[in-house]
Amino acid sequence: GTHVAGIVAGSGAASNGQYAGAAPGASIVALKVLDANGSGKTSDVMAALEWVLANHATYGIRVVNLSLGHPVYESATTDPLVQLVEQVSQRGIVVVASAGNSGKNALGQTVYGSVMSPANAQGAIAVGAVDTGNTLGRRDDSVASFSSRGPSRFDYYLKPDVLAPGYHIASLLASGSTLATRYPNYQIGSSYFRLNGTSQAAPVVAGSAALLLQANPKLSAHAVKGILQYSTEPLP
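Note that the structure is predicted; figures quoted are calculated from it, not measured.

Cut-offs applied
- Residue positions are counted from 1 within each chain, in the order its sequence is given.
- Two thresholds apply to this predicted model, a pLDDT of at least 70 for residue-level local features and 80 or more for giving and counting side-chain atom pairs, whereas whole-chain, interface and lining totals are computed over all residues.
- Side-chain numbers here rest on the full set of heavy atoms in the structure, without hydrogens or water.
- Ring pairs are drawn from Phe, Tyr and Trp, using the six-membered ring of Trp, whenever the two centres fall within 6.5 Å, and their geometry is named by plane angle: stacked under 30 degrees, edge-to-face over 60, tilted for the rest.
- Buried means the residue's accessible area, taken with a 1.4 Å probe over protein chains only, is under 20% of the maximum for its type, while exposed means over 50%, and partly exposed covers the values in between.
- Residues are called lining when one of their atoms sits within 4 Å of a cavity or pocket point, these points coming from a 1 Å grid over the protein atoms alone, where a cavity is a set in which a 1.4 Å probe fits but cannot get out and a pocket is an open set with protein on both sides within 12 Å along at least five of seven lines.
- Grid points are joined across faces, edges and corners, and a volume is the space filled by probe spheres set on the points.
- Only DSSP runs of H or I covering at least 4 residues are called helices, and only runs of E covering at least 2 are called strands; the numbering of each starts at the N terminus.
- Residues are sorted three ways: Asp, Glu, Lys and Arg are charged, Ala, Val, Leu, Ile, Met, Phe, Trp, Tyr, Cys and Pro are nonpolar, and all the rest, Gly among them, are polar.
- Patch definition: residues above 30% relative accessible area lacking any salt bridge, with like charges linked at up to 9 Å and the nonpolar side chains Val, Leu, Ile, Met, Phe, Trp and Tyr linked at up to 5 Å.
- What sets the accessible areas is the Shrake-Rupley method with a 1.4 Å probe; for residues, cover comes only from the shown protein chains.
- We define a salt bridge as a side-chain nitrogen of Lys or Arg found within 4 Å of a carboxyl oxygen belonging to Asp or Glu.
- By convention a nonpolar core is built from buried Ala, Val, Leu, Ile, Met, Phe, Trp, Tyr and Cys residues, the set being connected through side-chain atoms within 4.5 Å.
- Contacts are residue-level and defined by heavy atoms, with any inter-residue pair within 4.5 Å sufficient.
- Axis geometry follows a simple rule: fit a line to the C-alpha atoms, using only the stretch in contact for helices, then measure angles between N-to-C directions, giving values from 0 to 180 degrees.
- Oblique is the label for every angle not falling under 35 degrees (roughly parallel), over 145 degrees (roughly antiparallel), or within 65 to 115 degrees (roughly perpendicular).
- Rotating anticlockwise by less than a right angle from the far helix to the near helix defines a left-handed crossing, while the corresponding clockwise rotation defines a right-handed one.
- A pair of strands counts as paired when DSSP detects no fewer than two bridges linking them.
- In this context, the arc is that of the directions from the helix axis out to the C-beta atoms.
- We call two N or O atoms a polar contact when they sit within 3.5 Å, provided that within protein one can donate a hydrogen and the other can accept it, with sequence-adjacent residues counted only if both atoms are side-chain atoms.

Chemist: Explain the packing of aromatic side chains to me, please; I cannot follow it from the model alone.
Modeler: The relation between two aromatic rings is expressed through the spacing of the ring centres and the mutual angle of the planes. Applying the stated criterion across every chain, the model contains 4 aromatic pairs. Seen from their ring centres, Tyr 183 and Tyr 186 are 5.2 Å apart, and the 10° between their planes marks the pair as stacked. The class for Tyr 183 is partly exposed, based on a relative accessible area of 34%. Ring centres of Tyr 186 and Phe 193 lie 6.1 Å apart, and the angle between their planes is 55°; on these two criteria the pair is classed as tilted. On the basis of relative accessibility, which here comes to 39%, the residue Tyr 186 falls in the partly exposed class.

Put into structure tokens, the structure is as follows:
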């Protein structure tokens, strides 16, 4: 959670701005639904989304980032988590969800139809991960091998909707956390940490959505999604 929040809105103060988030001026309302090992219940995620529906006006919530998901077990038209995401989106709140990290099997083969729930919601922006090759130029960018591929299971929706950097992403380190304890080699000094995943790609897009809404607060959630998709560059 700390790593994800830093990708959205980290100031980069401990790195002279090098590891600043996408939208450093954004405010964070953190609703914790996962435990120290990154596991949780769908019912807790739904409770958090219901809280957003009830309180978004009070707290000025315009973007929801969901760096989580579970395999798709039923159509998006009947999945209660997906339907709740659709309600949030219809309320004008941009919902950004990680596509999942099931893009390849144990043999290294590409797995299609592996996008997770609730990224398979039509109203959500499902985000896959790009490996940038640690360069600023995009000519060497490629879809990260682990990034879940579409189409969505059962419904065959075109997913993910966009891709964003999700490989070797540096962001805030939660000192003493499970990840910091288990993977000390991933640390960058005492304040930062590198991780891979569509959970890291999603907050890049969530921060971008916040910047769009800062520039034009009247944009609808669907307009934000459309603008982000229209302004992307295709990968070979």
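Chemist: Help me understand the layout of surface pockets, please; the structure alone is not making it clear to me.
Modeler: Over the atoms rolls a probe the size of a water molecule, and in doing so it shows where empty space is left. There is about 950 Å³ of room inside the second largest pocket. Looking at the second largest pocket, it is lined by 28 residues, and the ones nearest its centre are Arg 138, Asp 141, Leu 163, Ala 164 and Pro 165. Within the residue set of the lining of the second largest pocket, elements represented by two or more residues are β5 (162-165) and α5 (198-215). In terms of residue count, β5 provides more of the lining of the second largest pocket than any other element does, 4 residues in total. The residue inventory of the lining of the second largest pocket, partitioned by class, reads 15 nonpolar, 8 polar and 5 charged.

Chemist: Please clarify how a nonpolar patch on the surface should be interpreted in this entry.
Modeler: Taken together, the side chains of Val 29, Leu 31 and Tyr 59 present a nonpolar region at the surface, about 260 Å² in accessible area. Secondary-structure assignment places Leu 31 in the loop between α1 (2-9) and α2 (42-59).

Chemist: When you look at the nonpolar core in this model, what are you seeing that I'm missing?
Modeler: In globular proteins that are soluble, nonpolar side chains generally tend to be buried together. If you look at the biggest cluster of nonpolar residues, it comprises 26 residues, and the most contacted ones within it are Val 45, Leu 49, Val 64, Leu 66, Val 85 and Val 88. At the level of secondary structure, the elements contributing two or more residues to this core comprise α2, β1 (63-66), α3 (80-90) and β2 (94-98). In terms of residue count, α2 provides more of this core than any other element does, 6 residues in total. Here Val 64 is in contact with Leu 49, Val 52, Val 88, Ile 93, Val 94, Val 95 and Val 96, once residues within four sequence places are set aside.

Chemist: Quick question: what am I supposed to make of the packing of α1 against α5 here?
Modeler: Pairs of packed helices are described in terms of their axes, by the angle between the two and the distance that separates them. Contact pair α1 / α5: the axes reach a minimum separation of 8 Å and the direction vectors enclose 30°. By the angle between their axes, α1 is roughly parallel relative to α5. Pair α1 / α5 crosses with right-handed handedness. In contact with His 3, Val 4, Ile 7 and Val 8 of α1, α5 contributes Ser 199, Gln 200, Pro 203, Val 204, Ala 206 and Gly 207. Its residues assigned to classes, the contact of α1 with α5 comprises 6 nonpolar, 4 polar and no charged.

Chemist: Explain the sheet that holds strand β6 (residues 169-172) here, please?
Modeler: Whether parallel or antiparallel, the strands of a sheet pair through hydrogen bonds between backbone atoms. With antiparallel pairing, 3 strands are arranged side by side in an open sheet as β6-β8-β7. Each having just a single partner strand, β6 and β7 (187-188) make up the two edges of the open sheet. Taken together, the 4 bridges between β6 and strand β8 (residues 192-195) define a ladder with antiparallel strand orientation. Its bridge partner being in β8, Ile 169 is matched across the sheet by Leu 195. α1 contacts β6 and β8 of the sheet and is inclined by roughly 100° relative to β6.

Chemist: How do you make sense of helix α6 (residues 221-230) when you look at a structure like this?
Modeler: Working note: α-helix, 3.6 residues per turn, so residues spaced by three or four point in the same direction. Among the residues of α6, Ala 221, Val 224, Lys 225 and Leu 228 are the ones counted as buried. An end-on view of α6 places all buried positions within 100° of arc, on one side of the element. Where α6 is buried, its residues touch α3, β2, β3 (125-131), β5 and α5.

Chemist: What should I look at first to understand the side chain of His 3 in this one?
Modeler: Considering the arrangement of structural elements, one finds His 3 in helix α1. In this structure the side chain of His 3 is engaged in a polar contact, spanning 3.2 Å, whose partner is the backbone oxygen of Ile 169. Leaving out residues up to four positions away in the same chain, His 3 has contacts with Ile 169, Ala 170, Ser 171, Leu 172, Phe 193, Arg 194, Leu 195 and Gln 200.

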